[in-house]
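Residues per chain, in single letters:
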Amino acid sequence: MKFGTKAVHAGVHPDPTTGAVMTPIYQTSTYAQSSPGKHKGYEYSRTHNPTRDALQKAIAELEGGKYGLCFSSGMASIDTLMKVLKPGDEVIASDDLYGGTYRLFTKVYENFGLKFHFVNMHKTESVAKLINSNTRLIWVETPTNPMMNIVDIQAMGKLAKSHNILFAVDNTFATPYLQQPLALGADIVMHSVTKYLGGHSDVVMGALVVSDDQLAEKLYFLQNSCGATPGPQDSFLVLRGLKTLHLRMKAHCENGRVIAEYLANHKKIDKVYWPGFSSHPNHDVAARQMKDFGGMISFTIHGTTQDAFTVMERFKVFTIAESLGGVESLCNHPTTMTHASVPAEKRKILGIEDHLIRLSVGVEDISDLLADLEQALN
Ligand SMILES: *Cc1c(COP(=O)(O)O)cnc(C)c1O
């Protein structure tokens, strides 16, 4: 089946008791047993809930994986995955990670004896150099946030496999519509479902997808043991959101392309970061592993941080807000918002300048988005 058909149908089957076409919101914590231990596969909703089960199946199917697990946030999904590791284990991660992931790794898991190496992953050799007998996990974001760097998933997958290291990709920015890391050699796909998968800025949720039976078993054990599971109402909202993922992503990409090109040709704009430009340092890799280039764009203006703030305050359609991936256009100032937890010296090295603005281009009418940019910049 093609992706659009899967997006509409994955995980959802008419409810066996009533024929309800949409999976109902099973708002229950527990399930009646006919005799102690005799039940219909459901005992307690931390462990299993039919609405969450449908969503987990749907996300797994869209990523081309065997097993899906949902969590109460993207961070909870990463947190659960990290518990597969033990003190002394080492992780190699992209150096311009989502700020919250960087914070979890350095401020929480370093205290539990894990060691992290952060490296620019533009070239796979830089990662190879850091591998030793304690390396257990390679953690990749691509495109990265907010600099839109691209990592070659297939090359990284080969490297990880040759050293028997787990390889995880945070696929939040691309979504399975644009890129499917498991097919390119990843062991684990992670999502902040909060963003494009949910798609409507109304739910906070995370997900992991894997195909390996043993890894899945470990993760289900941790999901139930640690307990950061999402409720049925949120699961329902995401199931509903997924049905239009392909339509939304197509619109995000179309609008994103027009805006990236508009910004690149605007005299008040200095740099524009978007993997669709042939001048992007890893454009070839992006073109190979992604179907299109997405609706996330970062840029700097010629001017000061205050000028950047002024532009943002003038927006009427773009809303100043954290997060991304919803149908509405948002703008973000990484230094003070999403990446405030990354130390200033580190931000400088990564190119996260104080006048950098990140756009999450929504699915509004493109003429209104362009007019908004035009009036804010002039
Ligand atoms: C938002 C985000 C996360 C964290 O997810 P939450 O749902 O906010 O906990 C992780 N990675 C990326 C790339 C994100 O954008």
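Above this text is the structure in question.
Residues numbered from 1 in each chain as written. Predicted model: local features only at pLDDT ≥ 70, side-chain atom pairs only at ≥ 80, totals over all residues. Heavy atoms only, no water.

Student: Quick question: what am I supposed to make of the overall build of the protein here?
Tutor: The number of helices and strands found in the protein is 14 helices and 12 strands. By the compact-globule yardstick of 21 Å for 378 residues, the protein fits well, its C-alpha radius of gyration being 21 Å. Structurally, the protein occupies a C-alpha span of about 75 × 50 × 35 Å along its principal axes. In the protein, buried positions account for 55% of the 378 residues. Taking all contacts inside the protein whose residues are at least 6 apart in sequence as the whole, residues at least 24 apart take part in 73%. Seen as two clouds, the 36 positive and the 38 negative side-chain charges of the protein have centres 4 Å apart. (Helix = DSSP H or I, 4+ residues; strand = E, 2+ residues; numbered from the N terminus. Rg over C-alpha atoms; globule rule 2.2 N^0.38 Å. Buried < 20%, exposed > 50% of the residue type's maximum accessible area, 1.4 Å probe, protein only. Contact = heavy atoms within 4.5 Å. Lys, Arg positive; Asp, Glu negative; His and termini not counted. Charge placed at Lys NZ, Arg CZ, Asp CG, Glu CD.)

Student: What exactly am I supposed to notice about the state of the cysteines here?
Tutor: Among covalent bonds in proteins, the disulfide is the one between the sulfur atoms of two cysteines. This model, assessed by the stated rule, comprises zero disulfides. Among the cysteines around C70, which has no disulfide bond, C226 carries the closest sulfur, lying 16 Å off. Since its relative accessible area comes to 1%, C70 is described here as buried. The partly exposed category is assigned to C226, whose relative accessible area is 39%. (Disulfide = S-S within 2.5 Å.)

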